[in-house]
Protein chains: 2
Amino acid sequence: MDMNKVSRVLKAMEEQGIHQMIVYDPMAIFFLTGRKINPGERLLALYLNVNGNHKFMINELFPQEGDLGVDVIWYNDIEDGVQILSQYVEKDKVMGIDKTWPARFLLRLQELGGGSKFVNGSMIIDYIRMVKDENEKELMRKSSQINDVVMEKLIPYVVKGLTEKELENKCRELYKEMGCEGVSFDPITAYAKGAADPHHANDTVSKGKRGDCVILDIGGIKDNYCSDMTRTVFIGEVSDRAKEIYDIVVEANMRGIAAAKPGARMCDVDAACRDYIEEKGFGKYFTHRTGHSIGLEDHEFGDVSSVNEDIIKVGQCFSVEPGIYIADEGIGVRIEDLVIITEDGCEVLNSFTKDLIVVPEE
Amino acid sequence: MDMNKVSRVLKAMEEQGIHQMIVYDPMAIFFLTGRKINPGERLLALYLNVNGNHKFMINELFPQEGDLGVDVIWYNDIEDGVQILSQYVEKDKVMGIDKTWPARFLLRLQELGGGSKFVNGSMIIDYIRMVKDENEKELMRKSSQINDVVMEKLIPYVVKGLTEKELENKCRELYKEMGCEGVSFDPITAYAKGAADPHHANDTVSKGKRGDCVILDIGGIKDNYCSDMTRTVFIGEVSDRAKEIYDIVVEANMRGIAAAKPGARMCDVDAACRDYIEEKGFGKYFTHRTGHSIGLEDHEFGDVSSVNEDIIKVGQCFSVEPGIYIADEGIGVRIEDLVIITEDGCEVLNSFTKDLIVVPEE
């Protein structure tokens, strides 16, 4: 267990009156213990107690090498894992429950009286995961550095006559070549009409043609941490209309980044992008939130949206990705960078240019 | 909704004193409604009430075409879906909960007092899914017919010098060619030492050599229903020892199938296989249960194991798959067929031969 992270969790538990907690989400468990265990339908539970009597319930089918830094309780398929777990909990104290814990386990723990009251405890870890430590920041930087390279290598392929799906597959190959474990999410590599629809899924028929915008929204996973960047490029030529839209989106992205600083609210970053796009008359074409937190998972808790009034803290990492999508005209532009909040603003993790790129036809 | 299936569920609910129930598992919902909705982190809930006041809570992000035969309650991301759901439930009656429902929803429903008592209600649907109706039986037959063909096409590749992973990929291709949606599970295509370890995962280095046994445990999904069959073949030649083991496993498989009939218990099928293998002196090398139920998912509720004393009913569908694995000798043999229980015994869904096959080296 990473006792640095666990102590932050225990402190928040005390502050919120949650005496004990069950962590189940495999990614939250990885965050705290460095162990990736996918339990399938079986019980998995990291039990944390503010008094330090932590236990880690693992099925014998998932043997772990080395010292986990926490007392492991092994159980097998013919045992009642929750019943065993219930012997270690404090039955007269509030119990925090992982929001993802399946009902089969929670109902059984309730039946056994494993707590005085059961509450959703996931916010505690979600808020801690939002703020990256130095090691995590370094991993986020490295992951995004690779993303810059993949973007550079991918762009020439937009004029190779590939379908969206073929371009996506090329993108996946590039992450593999760069030593990534995989992609952070299904890459979006969409031409014109597809780019103009933020809900479009890459298809196996559309190919790029002269004048098309191409949205490349891509990210990889390197050493468990995700990257996520979007650039929009053009094939052969760019219309005045598309160029106007491009410049507005870049400026919105820059304004969002400028608003990303400690003490501001997440909604202020959204407003910085949205107000500018509205001012330019394209407000109704910016149809999604401005961004999302990111780390071990591409989408983590903490939206950059108009309704999130949470105060931004040093160490948070999130995306700033305004866009304008005009379906009728087949124009879609999105520009996205990741930022890490610093003492006086933010560090932008992507250095790939935002200058307008027109890729010459071959 | 398939009112035939729903009425079986409602009858069981009445018998078990579960007045109302929330179904969440996407495969259980597909079973009852014919709709596949993967809600991700969002609320999905098919609310069933013995009085007939059924509701289907779906997020607006997952639009459904046509009439669902049930009152749909649409909600969106800025609404509290569980709070809306709680307005329809009977707060003074027992509430059955899907075993897979995430705690975030259950805790909220409990907070809102959405039932007099909360119990795990999944067994009701699990037991109903165990017994296939005529339409399901036909789909299971068709899926297994394809599996017979894939097995025949796959076997020649065991002498093509492929690694286990390459042989697996070939297998996946064959299901695609046959019009399957995918595989029922990661195919097992293991040579010798890998075959002798039932927990072995296909690797990227092992290739077949003369005298090797090759376990092919494969299945595809056709029109939503799963197949699953195992055959063990040999490369070039077979030792007397391996042949002896092969014959024992085939006989055990046949005895298991003979024991699969209405009125017997699931454990009787297991015993029919296990007793014979023990009698032949290989008991300690048969290290797993004899089989599992199958249908929309490869592994459904209802094991063929020594501890399952449930009485077998007409219409059940499960696998009979005894095996003998001797790690030291690199010999592993498993033979598996699917059966559907009939009035007086069972129908075997696989017709691929169990005669010993030695594939000539090329």
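(A) Here's a closer look at the overall build of chain A. Looking only at helices and strands, chain A features 10 helices and 20 strands. Over its C-alpha trace chain A gives a radius of gyration of 23 Å, about what one expects of a compact globule, namely 21 Å for 362 residues. Along the first, second and third principal axes, the C-alpha set of chain A runs to 70 × 40 × 35 Å. Relative to all contacts within chain A whose residues are 6 or more apart in sequence, the contacts with residues 24 or more apart total 67%. Carbon and sulfur atoms make up 48% of the accessible area of chain A, which amounts to about 15000 Å² in all. Once the 42 positive and 63 negative side-chain charges of chain A are each reduced to a mean point, those two points are 0 Å apart.

(B) Highlighting the interface of chain A and chain B. With 14 residues of chain A in contact, the opposing surface of chain B contributes 14 residues. Of the roughly 1100 Å² buried between chain A and chain B on both sides combined, carbon and sulfur atoms contribute 66%. For the pair chain A and chain B, the interface holds 7 residue pairs in polar contact (both at pLDDT 80 or more). Broken down by secondary-structure element, the contributors of at least two residues to the side of chain A that touches chain B are α4 (103-111) and β6 (117-120) of chain A. For the side of chain A that touches chain B, the per-class residue count stands at 8 nonpolar, 3 polar and 3 charged.

(C) Just the sheet that holds strand β12 (residues 229-235) of chain A, in detail. All names here are of chain A. Taken in spatial order, the 4 strands of this open sheet run β8-β9-β12-β20, and their pairing is mixed. Looking at the sheet topology across the chains shown, the edges are occupied by β8 (188-191) and β20 (358-359). Across the face of the sheet, helix α7 (residues 164-177) comes into contact with β8 and β9 (213-218) while running at roughly 150 degrees to β8.

(D) Region of interest: the packing of helix α2 (residues 26-33) of chain B against helix α5 (residues 122-130) of chain B. All names here are of chain B. Their axes nearest at 11 Å, the elements α2 and α5 cross at an angle of 60 degrees. Here α2 is positioned oblique relative to α5, judged by the angle of their axes. For the pair α2 and α5, the crossing hand works out as left-handed. Listed contacts from α5 to M27, A28, F31 and L32 of α2 are I125, I128 and R129. Broken down by class, the residue content of the contact of α2 with α5 amounts to 6 nonpolar, no polar and 1 charged.

(E) Inspection of the environment of E181 of chain A at higher detail. All names here are of chain A. Note on placement: E181 falls in the loop between α7 and β7 (182-183). With 107 residues separating them along the chain, E181 and W74 place their C-alpha atoms 29 Å apart. Apart from residues no more than four positions distant in its own chain, E181 is found in contact with I221, K222, D223 and N224. A polar side-chain atom of E181 sits 2.7 Å from the main-chain amide nitrogen of N224.

(F) Geometry of unusual backbone geometry. Its identity is not glycine, yet A192 of chain A carries a phi of approximately 40 degrees, on the positive side. Residue placement: A192 of chain A occurs in helix α8 (residues 192-195).

(G) Here's a closer look at the packing of aromatic side chains. Residues and elements named next belong to chain A. Under the definition given, this model contains 10 aromatic pairs over all chains. With a centroid separation of 6.3 Å and an interplanar angle of 50 degrees, the aromatic rings of F282 and Y285 are classed as tilted. Note on Y285: relative accessible area 22%, which makes it partly exposed. Members of the aromatic cluster, each reached through a chain of ring pairs, are Y24, W101 and F105.

(H) Highlighting the environment of V238 of chain B. All names here are of chain B. With respect to the element layout, V238 can be found in the loop between β12 (229-235) and α9 (240-259). Residues V238 and R210, spaced 28 residues apart in sequence, show a C-alpha to C-alpha distance of 8.6 Å. Residues in contact with V238, not counting those within four places in the same chain, are K243, L356 and V358.

(I) Main features of the pattern of salt bridges. All names here are of chain B. Counting across every chain of the model gives 66 salt bridges over all chains. Put simply, K99 and D126 hold a salt bridge, and the shortest N to O gap is 2.8 Å. Residue K99 is located in the loop between β5 (94-97) and α4 (103-111), and its partner D126 is located in helix α5; the two are separated by 27 residues in the primary sequence. Overall, K99 belongs to the partly exposed group, its relative accessible area being 22%. For D126, a relative accessible area of 10% puts it in the buried group. A salt bridge links K137 to E134; the shortest N-O distance between them is 3.1 Å. Taken as a pair, K137 and E134 lie in helix α6 (residues 134-154) at a separation of 3 residues, close to a single helical turn. Looking at K137, the relative accessible area reads 10%, which means it is buried.

Rules and cut-offs
- Residues numbered from 1 in each chain as written.
- Chains lettered and ligands numbered in written order.
- Predicted model: local features only at pLDDT ≥ 70, side-chain atom pairs only at ≥ 80, totals over all residues.
- Heavy atoms only, no water.
- Helix = DSSP H or I, 4+ residues; strand = E, 2+ residues; numbered from the N terminus.
- Rg over C-alpha atoms; globule rule 2.2 N^0.38 Å.
- Contact = heavy atoms within 4.5 Å.
- Areas by Shrake-Rupley, 256 points an atom, 1.4 Å probe, with all protein chains shown as cover.
- Lys, Arg positive; Asp, Glu negative; His and termini not counted.
- Charge placed at Lys NZ, Arg CZ, Asp CG, Glu CD.
- Buried area = accessible area lost by both parts, 1.4 Å probe.
- Polar contact = N/O pair within 3.5 Å; in protein donor to acceptor, adjacent residues only side chain to side chain.
- Nonpolar A, V, L, I, M, F, W, Y, C, P; charged D, E, K, R; others polar.
- Pairing = 2+ DSSP bridges.
- Axes fitted to C-alpha atoms, helices over the stretch in contact; angles between N-to-C directions.
- Parallel < 35°, antiparallel > 145°, perpendicular 65-115°, else oblique.
- Left-handed = near helix turned anticlockwise from the far one by under 90°.
- Phe/Tyr/Trp six-rings, centres within 6.5 Å; stacked < 30°, edge-to-face > 60°.
- Buried < 20%, exposed > 50% of the residue type's maximum accessible area, 1.4 Å probe, protein only.
- Salt bridge = Lys/Arg side-chain N within 4 Å of Asp/Glu carboxyl O.

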